[in-house]
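One-letter residues, chain by chain:
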Amino acid sequence: MTSGKSKIDTNGLTAGEAQLRLAADGLNELPRKASRSAFKIVGEVLREPMLALLLAGGVAYLVLGDLTEALILLSFALFSITLTVVQETRTEHLLEALRDLSAPRAMVIRDGERLRIAGREVVQGDLLVLEQGDRVAADALLLEAHDFQADESLLTGEALPVHKKVGPAEAAHRPGGDGQPYIYSGSLVTRGSGLACAVATGALSEIGKIGQSLATLDPEPPRLRTETARIVKWSAIGGSAVAVLVVALYGLMRGDWMQAILAGIATGMSLLPEEFPVVLTIFMAMGAWRIGKVRVLTRRSAAIETLGSATVLCTDKTGTLTENRMAVSQVWLASGKIAEIRAGSETPDQFHAILETSILASAAVPVDPMEVALHATAPPMPTDYHNVHSYGLRPDLLAMSNVWKGANLKGGYVIAAKGAPEAIASLCRLAPAALRRMTAAVDAMAAQGIRVLGVASAQTTDKRWAKSQRDYKFKLVGLVGL
């Protein structure tokens with residue numbers, strides 16, 4: 001088990017010190033732009049060139065006295081504005097609710113007592129008490145660690161958790177990699193427990209630096225907006241030139257300058273493409289509304305055009321194309337028997353033992369998607385079993401084990417292990433023939449895109465725990481494919 005401890009003041013900060021630091025450093029939250037009000041969204045919509053053209057056309061028809069045409073154009077414009085404002089205002093409210101929902105709470109030690117506070121109130125120097133399933137509220141240096149693993153995919157994109165251990169403070173450190181003493185804001189504790197001292201909050205944390213970097217990006221205007229602005233510009237120049245020419249010729253030839261001006265306006269309006277803004281503005285708003293029905297938030301309707309013009313889609317793996325959830329799909333026994341596992345179907349009795357062993361080798365309250373899948377498939381864990389010892393993953397042995405005591409074990413202990421197939425094979429000291437059979441099964445599963453875990457078990461009556469998992473006589477139970 002990876003663990004460690006360093007000398008610390010277990011009383012943590014005092015309430016007064018925490019308030020002073022909070023006032024000096026600010027709240028522990030990412031810098032973000034002010035939410036867009038309905039009035040701001042209306043202003044942004046009115047600056048769209050095609051919509052401005054639509055409104056200008058409606059006003060011009062009012063000036064000319066053509067009430068029918070004016071009402072048609074202005075009605076379309078009002079409908080487009082209303083639909084866009086309702087859609088984007090709703091999205092802003094949902095995004096704000098998501099931000100509040102995602103804000104982690106933190107267990108800290110202040111004045112010698114453990115307190116559960118909002119993550120935004122954590123300050124530098126706070127002692128963070130971390131357990132499996134907690135979201136880390138600030139960048140922190142580990143002071144105590146017991147088989148500690150963290151999912152840093154929010155920062156690195158890597159779905160596999162990394163191991164942490166107590167170590168000296170380092171001048172330079174970055175997320176990712178095993179054996180570091182630092183944990184980072186936004187990461188998830190997937191295994192173990194620990195105590196850490198917050199060293200950076202808010203914009204000074206690693207995730208805060210990413211947020212600040214993204215805020216400096218200057219997004220390019222959508223191509224459709226650029227093209228429509230160009231059309232509006234040349235239509236306005238062409239229509240104005242023709243209108244001026246008509247006014248001049250009409251006035252010079254007939255002498256009635258008032259009629260000449262009206263004739264010029266009418267001619268200029270006839271050259272403007274009023275249908276373009278009707279189609280483009282309404283269809284963009286309708287597109288945002290339609291994808292909103294399938295729970296896709298569109299902050300700005302212009303994003304619909306950007307999405308529609310994409311020719312190549314580059315994606316990451318877990319959590320992007322998938323839901324970051326796993327499911328057991330196959331089990332293979334050391335005897336060579338194999339079974340397909342399907343959701344809602346009953347697993348044959350002869351495969352229950354490997355599923356039971358796999359959850360005994362997992363956390364009792366799972367957080368890791370793999371262990372969640374194992375618990376969802378396996379029968380319930382025996383209520384009289386108690387976890388008395390654990391061995392965590394190590395770089396030289398990618399397997400973990402839990403030691404259990406149960407009433408039916410008659411004073412003995414059962415040890416359940418799971419991990420990489422090659423690590424389990426090493427623990428079981430497989431003979432060459434058995435190793436070849438297992439390797440063939442692993443290759444067959446891997447060829448189907450299945451992630452493979454080896455499962456093994458051992459028994460002991462010795463209450464003095466061995467220093468390493470290798471000291472026990474494990475027996476291969478089988479493989480689990482997810």
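Everything numeric here is computed off the predicted structure, so don't read it as measured data. (Residues numbered from 1 in each chain as written. Predicted model: local features only at pLDDT ≥ 70, side-chain atom pairs only at ≥ 80, totals over all residues. Heavy atoms only, no water.)

## Things to note about the overall build of the protein chain
Next, step 1: What the protein chain contains, in helices and strands, is 14 helices and 15 strands.
Next, step 2: Evaluated residue by residue, the protein chain yields a buried proportion of 42% over its 482 residues.
Next, step 3: Once local pairs closer than 6 in sequence are excluded, the contacts in the protein chain between residues at least 24 apart make up 64%.
Next, step 4: Carbon together with sulfur atoms contributes 60% to the accessible area of the protein chain, which is approximately 26,600 Å² in total. (Helix = DSSP H or I, 4+ residues; strand = E, 2+ residues; numbered from the N terminus. Buried < 20%, exposed > 50% of the residue type's maximum accessible area, 1.4 Å probe, protein only. Contact = heavy atoms within 4.5 Å. Areas by Shrake-Rupley, 256 points an atom, 1.4 Å probe, with all protein chains shown as cover.)

## A closer look at the sheet that holds strand β10 (residues 338-340)
Next, step 1: Taken together, the 7 strands give an open sheet; going across it, the order is β10-β9-β15-β14-β13-β12-β11, and neighbouring strands pair in antiparallel fashion. Across the chains shown, the open sheet's two edge strands, defined by having one partner strand only, are β10 and β11 (386-391). For this sheet, the mean angle separating the axes of adjacent strands, direction not counted, is 20°.
Next, step 2: Across the sheet, helix α13 (residues 421-428) lies against β12 (399-405), β13 (413-419), β14 (452-460) and β15 (475-481), angled at about 25° from β14, the strand it touches most. (Pairing = 2+ DSSP bridges. Axes fitted to C-alpha atoms, helices over the stretch in contact; angles between N-to-C directions.)

## Quick notes on the environment of I261
Next, step 1: Positionally, I261 belongs in helix α8 (residues 257-270).
Next, step 2: For I261, a relative accessible area of 41% translates into the label partly exposed.
Next, step 3: Along the primary structure I261 and A248 are separated by 13 residues, whereas in three dimensions their C-alpha atoms are 8.7 Å apart.

## Overview of a nonpolar patch on the surface
Next, step 1: On the surface, L245, L249, L252, M253 and W257 cluster together into a nonpolar patch covering about 600 Å² of accessible area.
Next, step 2: In terms of residue count, the dominant contributor to the nonpolar patch is helix α7 (residues 223-254) (4 residues).
Next, step 3: Structurally, L252 is set in helix α7. (Patch = residues over 30% accessible without salt bridge, like charges linked within 9 Å, V, L, I, M, F, W, Y side chains within 5 Å. Salt bridge = Lys/Arg side-chain N within 4 Å of Asp/Glu carboxyl O.)

## Points about the packing of aromatic side chains
Next, step 1: If you walk through the whole model with that rule in mind, you get 3 aromatic pairs.
Next, step 2: Here the aromatic rings of Y391 and Y472 are separated by 6.1 Å at their centres, their planes lie at 70°, and the arrangement is edge-to-face. Within this pair, whereas Y391 is found in strand β11, its partner Y472 is found in the loop between β14 and β15, the two being separated by 81 residues in sequence.
Next, step 3: Classification of Y472 by relative accessible area gives buried; the value is 7%.
Next, step 4: A ring pair is formed by Y413 and W465, whose centres lie 5.0 Å apart and whose planes are at 85°; its orientation type is edge-to-face. Remark: W465 occurs in the loop between β14 and β15 and Y413 occurs in strand β13; sequence separation between them is 52 residues.
Next, step 5: According to the relative accessible area criterion, Y413 is buried, its value standing at 6%. (Phe/Tyr/Trp six-rings, centres within 6.5 Å; stacked < 30°, edge-to-face > 60°.)

## Re the pattern of salt bridges
Next, step 1: Taken as a whole and assessed by the stated rule, the structure comprises 9 salt bridges.
Next, step 2: The residue R110 makes a salt bridge to D126 at a minimum N-O spacing of 2.7 Å. A residue pair is termed long-range when its members are at least 10 positions apart, and R110 in strand β2 (residues 105-110) and D126 in the loop between β3 (113-118) and β4 (127-131) qualify at 16 residues.
Next, step 3: Assessed through its relative accessible area of 10%, R110 is described here as buried.
Next, step 4: Given the relative accessible area of 0%, D126 is considered buried.
Next, step 5: The salt bridge partner of D147 is R191, with a shortest N-O separation of 2.7 Å. Placement of D147 in strand β5 (residues 139-151) and of R191 in strand β8 (residues 188-200) is noted, with a sequence separation of 44 residues between them. Both residues of the pair, D147 and R191, belong to the buried class.
Next, step 6: In this structure, a network of salt bridges that share partners links the residues D147, R191, E371 and K418.

## Quick notes on the nonpolar core
Next, step 1: Of all hydrophobic cores here, the largest spans 27 residues; its most connected members are W332, I424, L427, M438, Y472, F474 and L479.
Next, step 2: Looking at this core, the elements that each hand over two or more residues are β12, β13, α13, α14 (432-446), β14 and β15.
Next, step 3: If we skip the residues at most four places from it in the chain, Y472 touches Y391, I415, L427, R429, A458, T460, W465 and A466. (Core = buried A, V, L, I, M, F, W, Y, C linked by side-chain atoms within 4.5 Å.)

## A few points about unusual backbone geometry
Most peptide bonds are trans, and most residues other than glycine sit at a negative phi.
Next, step 1: Non-glycine residue D111 carries a positive phi angle of around 55°.
Next, step 2: Within the element layout of this structure, D111 appears in the loop between β2 and β3.
Next, step 3: If you check the backbone angles, R429 has positive phi at about 50° while not being a glycine.
Next, step 4: Judged by relative accessible area, R429 falls into the exposed class, the value being 54%.

## Side note on helix α2 (residues 38-46)
Next, step 1: Within α2, burial applies to I41, E44 and V45. In a view along the axis of α2, the buried residues occupy a sector of 100°, so they form one face of it. (Arc of directions from axis to C-beta.)

## Observations regarding the pairing of β12
Next, step 1: Along β12, 6 of the 7 residues are buried, which leaves the element largely enclosed by surrounding structure.
Next, step 2: Sheet topology places β11 next to β12; 5 bridges connect them, and they run antiparallel. Each bridged residue has a counterpart across the sheet, and for Y391 the counterpart in β12 is S401.
Next, step 3: Both β12 and β13 contribute to a ladder of 7 bridges, which runs antiparallel. Within β13, the residue paired with W404 across the bridge is V414.

## Re the side chain of D151
Next, step 1: Structurally, D151 can be placed in strand β5.
Next, step 2: Although D151 is buried, it makes no salt bridge; R135 carries the closest opposite charge, 6.2 Å away.
Next, step 3: Ignoring any residue separated from it by four or fewer positions in sequence, one finds D151 in contact with E158, A159, P161, S187, L188 and T190. (Lys, Arg positive; Asp, Glu negative; His and termini not counted.)

## As for the pairing of β4
Next, step 1: Where burial is concerned, most of β4 is hidden: 4 out of the 5 residues are buried.
Next, step 2: Taken together, the 3 bridges between β2 and β4 define a ladder with antiparallel strand orientation. Note that in β4 the partner of I109 across the bridge is L127.
Next, step 3: Where β4 meets β8, 5 bridges bridge the pair, whose relative direction is antiparallel.

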